[in-house]
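Here are the chains, one letter per residue:
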Amino acid sequence: MFKWRSDDFSWVDFTIDVLRVLIVLGVVVGAWNTLSSGRISFAQWVNLFAAGLSQGSIYALIALGYTLVYGILLMINFAHGEVFMAGAFSTVFLAEALNRTGFLNEQPVLAILLMIAFAGLVSMSVAILLERIAYRPLRGSPRLVPLITAIGASFFLQYTFRGLYGSGFKAYPGVKALQGVIQIGGISIPVVQVFVFCAALLLMLCLYWLVERTRVGKAMRAVSENKEVARLMGIDIDWVIMFTFGVGGFLAGSAGVINGLFRPQGVNFYMGFIPGIKAFTAAVLGGIGNIPGAMLGGLFLGVIEAIGPNLVLAGLGIPGANQLKDVIAFTMLVLVLIFRPQGILGERLSETKA
Amino acid sequence: MGLLEVNDIHTYYGNIHALKGISFEVDSGEIIALIGSNGAGKTTTLRTISGLMEPREGQVIYDGEDISSARADTLVSRGISMVPEGRGVFAKLTVEENLDMGAYARRDSGIKDDLKGMYGLFPRLQERRRQLAGTLSGGEQQMLAIARALMAQPRLLLLDEPSMGLAPVLVDGVFDTIQRIASEGVTILLVEQNAHMALQVADRGYVLQSGEVAISDTAENLQQNETVQKTYLGID
Ligand SMILES: Nc1ncnc2c1ncn2[C@@H]1O[C@H](COP(=O)(O)OP(=O)(O)O)[C@@H](O)[C@H]1O
Ligand SMILES: [Mg+2]
């Protein structure tokens, strides 16, 4: 940092340092203006934070899929947004059926578990097929090749679902048990937000247990560290790689259901794109390949998205600050890639670790 | 009775002809040394036997079956276990998790007891069982790599330069361990640049040179052989 004072002056470093200063200045001034105006009350900040945590925990679940696959193959599965979409979209029909029979509101816990299992299995199958058909034959080829394939696979999945179900939006039915608010000391938090956060947390704990405590989890870590030695242990690495895609897919599918119950605007064939990129941002933010990093990165991004526009952008007098949510995520991605490509917790996104 | 029979194998790295027709035999219960200078083909020979590489010509016969094209991960449960060059411990797994991975291919109920046995054999590993393997010293990592390979309950143990990079005091320990393992009935194929030590523990040895077997004899005779003395034992 600030290397440009010495002999090795470079315009790139200089520009980056100027950028740093401008960003810090903008954040401080914006936050100061907002806070000193008192436009937003404490309770409102807490509400924004809670909403951010819920949205962030959905990002985290999807981000885990990117990070698991990167950890084991050093490859970014850019079709992962579509894996999420596949589970979310397919399960909307199951949700409608459960709603029609009344089961959804009579047994909400069982019904939601059933939906999560179903979505998880659909996304898992899509992820596994993707690995078998699109990525495995290309293993060992230059990195650009599976990347292009991933983009092709994304389009294929999007247009398959569009072909099957059309391009309109379909909304998940409302669940009565998730309506209403919880009052905590004068602050009211929507029940659905608590549900989203807890469900995601539970799934993440399951993942942690799987990776840290089980035989297959240890094998996943062994394969990600050294494939050749893993084979000498008797580990079928192709199977472990497939399993890893499957786990990432299951989490994405569950995220699809949780997201559907959380956000009223519904699902369609294109819904995976934005959350996919945001979850990728979250994974990079936490350090790609790093599991706790993806969880933290997701939560962090969700909170920044919820609070940032109101705190910083509105304070700088930028109109329609809340409509600029998405810009925040992409700005974060660019900033992380410029300033700290290894993310908060992780290793460098590099060509060298092979 | 021949446990392993390597029959005129040719192995390539792309176009590089690394093994140019290597043949040798290992009988049950023997310790066999493969010696040779850097680049002679010792590691490639072990990689071909363990299934990490496939010979383009020739066969590897193990326990009467042709395993030339069997994959490495299927050979572990058939009794072939390898300690790779440079040890290959999983640095980000704990010592105990490394040992668990050694037993990955097993499904029997004796794993817990074997783990205890391994800690009896290597008390240092027990002290450090919850530590990440990457934090161990070179000597401890070598013990871990050997213990991990033993967790698979091998009939044939392939060791690639177990003394590499170790202080002389530790080298003696490694060779003691090798003899102890052999006395339990495990057949050992030992690759070493440290020909002096290798020939002291081995029954027979093969000298590799540029991907071919140059000399083969009993360990005693090899120790007396003039070429071996000059080239590999540093005796004039
Ligand atoms: N990964 C590789 N790619 C290309 N050539 C290799 C590779 N590994 C080894 N070789 C070549 O194969 C030959 C045998 O190597 P190796 O079996 O590692 O010898 P040793 O273990 O006896 O030192 C050497 O000429 C070496 O250059
Ligand atoms: Mg070698």
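Calculation criteria
- Residues numbered from 1 in each chain as written.
- Chains lettered and ligands numbered in written order.
- Predicted model: local features only at pLDDT ≥ 70, side-chain atom pairs only at ≥ 80, totals over all residues.
- Heavy atoms only, no water.
- Helix = DSSP H or I, 4+ residues; strand = E, 2+ residues; numbered from the N terminus.
- Rg over C-alpha atoms; globule rule 2.2 N^0.38 Å.
- Buried < 20%, exposed > 50% of the residue type's maximum accessible area, 1.4 Å probe, protein only.
- Contact = heavy atoms within 4.5 Å.
- Areas by Shrake-Rupley, 256 points an atom, 1.4 Å probe, with all protein chains shown as cover.
- Lys, Arg positive; Asp, Glu negative; His and termini not counted.
- Charge placed at Lys NZ, Arg CZ, Asp CG, Glu CD.
- Donors = N, O, S within 2.8 Å, 3.2 Å for Na, K, Ca; no water.
- Near = heavy atom within 4 Å.
- Polar contact = N/O pair within 3.5 Å; in protein donor to acceptor, adjacent residues only side chain to side chain.
- Nonpolar A, V, L, I, M, F, W, Y, C, P; charged D, E, K, R; others polar.
- Buried area = accessible area lost by both parts, 1.4 Å probe.
- Salt bridge = Lys/Arg side-chain N within 4 Å of Asp/Glu carboxyl O.
- Axes fitted to C-alpha atoms, helices over the stretch in contact; angles between N-to-C directions.
- Parallel < 35°, antiparallel > 145°, perpendicular 65-115°, else oblique.
- Left-handed = near helix turned anticlockwise from the far one by under 90°.
- Core = buried A, V, L, I, M, F, W, Y, C linked by side-chain atoms within 4.5 Å.
- pLDDT = per-residue confidence, 0-100.
- Pairing = 2+ DSSP bridges.
- Expected span 1.5 Å × (residues − 1).

### Considering the overall build of chain B
What chain B contains, in helices and strands, is ten helices and ten strands. The C-alpha radius of gyration of chain B comes to 17 Å, within 12% of the 18 Å expected for a compact globule of 236 residues. By residue count, 54% of the 236 residues in chain B fall in the buried class. Pairs at least 24 residues apart make up 66% of the contacts formed inside chain B by residues separated by at least 6 positions. Carbon and sulfur atoms make up 44% of the accessible area of chain B, which totals about 10,300 Å².

### Digging into the overall build of chain A
A count of helical and extended segments in chain A gives 13 helices and two strands. Over its C-alpha atoms chain A spans a radius of gyration of 21 Å, differing by no more than 12% from the 20 Å that the globule rule assigns to 354 residues. Going through the 354 residues of chain A one by one, you find that 51% of them count as buried. Taking all contacts inside chain A whose residues are at least 6 apart in sequence as the whole, residues at least 24 apart take part in 77%. Carbon and sulfur atoms form 69% of the exposed surface of chain A, whose accessible area is close to 16,400 Å². Computed over 24 positive and 17 negative side-chain charges, the separation of the two mean positions in chain A equals 6 Å.

### Some remarks on the coordination of the magnesium ion (ligand 2)
Residues and elements named next belong to chain B. Binding of the magnesium ion (ligand 2) to the protein goes through Thr43 (OG1) and Glu85 (OE), at separations of 2.0 to 2.2 Å. Of this pair, Thr43 sits in helix 1 (residues 42–50) while Glu85 sits in the loop between strand 6 (80–83) and helix 3 (95–102), and the two are 42 residues apart along the sequence. Its relative accessible area of 19% is what places Thr43 among the buried residues. With a relative accessible area of 39%, Glu85 lands in the partly exposed category.

### Points about the site of ligand 1
Residue and element names in this part refer to chain B. Every residue close to ligand 1 is listed here: Tyr13, Ile16, Ala18, Ser37, Asn38, Gly39, Ala40, Gly41, Lys42, Thr43 and Thr44. The contact in question runs from an oxygen atom of ligand 1 to an N or O atom on the backbone of Gly39, over 2.7 Å. Interatomic distance of 2.7 Å between a side-chain N/O atom of Thr43 and an oxygen atom of ligand 1. Protein chains shield 63% of the accessible area of ligand 1, which is 560 Å² for the free molecule. Listing elements by their share of the shell around ligand 1, those giving two or more residues are strand 2 (16–27) and helix 1. At three residues, the largest contribution of residues to the shell around ligand 1 is made by helix 1. Looking at side-chain class alone, the shell around ligand 1 contains four nonpolar, six polar and one charged residues.

### Re the interface of chain A and chain B
Where interface size is given, it is often the accessible area lost as the parts come together that is meant. With 19 residues of chain A at the interface, the matching set in chain B holds 25 residues. Each partner contributes to the roughly 2,100 Å² buried at the junction of chain A and chain B, and carbon and sulfur atoms together form 55% of this total. Our enumeration of links across chain A and chain B arrives at four salt bridges. With a shortest N-O distance of 2.8 Å, B:Asp100 and A:Lys218 are connected by a salt bridge. Our enumeration of links across chain A and chain B arrives at eight residue pairs in polar contact (both at pLDDT 80 or more). Sorting the residues of the side of chain A that touches chain B by element identifies helix 8 (215–225) and helix 9 (227–232) of chain A as the ones contributing at least two each. The biggest single contributor to the side of chain A that touches chain B is helix 8 of chain A, with six residues.

### Some remarks on the packing of helix 2 (residues 42–73) of chain A against helix 3 (residues 80–100) of chain A
All names here are of chain A. The interhelical angle for the contact between helix 2 and helix 3, taken along N-to-C directions, is 135°, at an axis separation of 10 Å. It follows from the interaxial angle that helix 2 and helix 3 lie oblique. Helix-helix and strand crossings are classified by hand; for helix 2 and helix 3 the assignment is right-handed. Seen from helix 2, the contacting residues are Ile62, Gly65 and Tyr66; seen from helix 3, they are His80, Gly81 and Phe84. Classifying every residue of the contact of helix 2 with helix 3 by side-chain character gives three nonpolar, three polar and no charged.

### Notes on the nonpolar core
Grouped together as the largest cluster of nonpolar side chains are 129 residues, with contacts concentrated most on A:Leu207, A:Ile235, B:Leu4, B:Phe24 and B:Leu189. No other element matches helix 2 of chain A, which puts 13 residues into this core. Those residues within four positions of B:Leu4 in sequence are excluded, and the remaining contacts are B:Phe24, B:Glu25, B:Val26, B:Ile49, B:Val60, B:Ile61, B:Tyr62, B:Leu156 and B:Leu189. Among the nonpolar cores identified, the runner-up in size contains 47 residues, and B:Tyr119, B:Ile146, B:Ala147 and B:Leu233 belong to it.

### Thoughts on the confidence of the model for chain B
Mean pLDDT over chain B: 93, with 99% of residues reaching 70 or higher. Reported confidence for the predicted complex is 0.94 by ipTM and 0.89 by pTM.

### Looking at the pairing of strand 1 (residues 2–13) of chain B
Residue and element names in this part refer to chain B. Of the strand pairs in this sheet, strand 1 and strand 2 are connected by nine bridges, and their pairing is antiparallel. In the strand pairing of strand 2, Thr11 is matched with Leu19. In sequence, strand 1 turns back onto strand 2 through a hairpin of two residues, with Gly14 there showing a positive phi of about 60°. Of the pairings in the sheet, the one linking strand 1 to strand 4 (residues 57–62) comprises five bridges and is antiparallel in character. When the sheet's bridge partners are listed, Glu5 is paired in strand 4 with Ile61.

### Considering helix 6 (residues 144–165) of chain A
Residues that lie three or four places apart on an α-helix share one face, since the helix turns once every 3.6 residues. All names here are of chain A. For helix 6, with 22 residues, the first-to-last C-alpha span of 32 Å sits near the 32 Å given by 1.5 Å per residue. Next to the buried residues of helix 6 lie helix 3 and helix 5 (108–135). Just past helix 6, the residue Gly166 takes up positive phi, approximately 80°.

### Observations regarding the side chain of B:Ser68
Residues and elements named next belong to chain B. On the secondary structure map, Ser68 appears in the loop between strand 5 (65–66) and helix 2 (72–75). Judged by its relative accessible area of 10%, Ser68 is buried. A distance of 3.0 Å separates a polar side-chain atom of Ser68 from the backbone nitrogen of Val60. Within the local environment of Ser68, its side chain forms a polar contact with the side chain of Asp66, the two groups lying 2.4 Å apart. Look past the residues within four positions of Ser68 in its chain and what remains in contact with it is Glu54, Pro55, Gly58, Gln59 and Val60.

### What to know about the pattern of salt bridges
Residues and elements named next belong to chain A. All chains considered together, the criterion is met by 21 salt bridges over all chains. The salt bridge partner of Arg20 is Asp17, with a shortest N-O separation of 3.3 Å. Placement of the pair is Arg20 and Asp17 together in helix 1 (residues 11–37), with a separation of three residues, close to one helical turn. The salt bridge partner of Arg139 is Asp238, with a shortest N-O separation of 2.6 Å. Placement of Arg139 in the loop between helix 5 and helix 6 and of Asp238 in helix 10 (residues 237–262) is noted, with a sequence separation of 99 residues between them.

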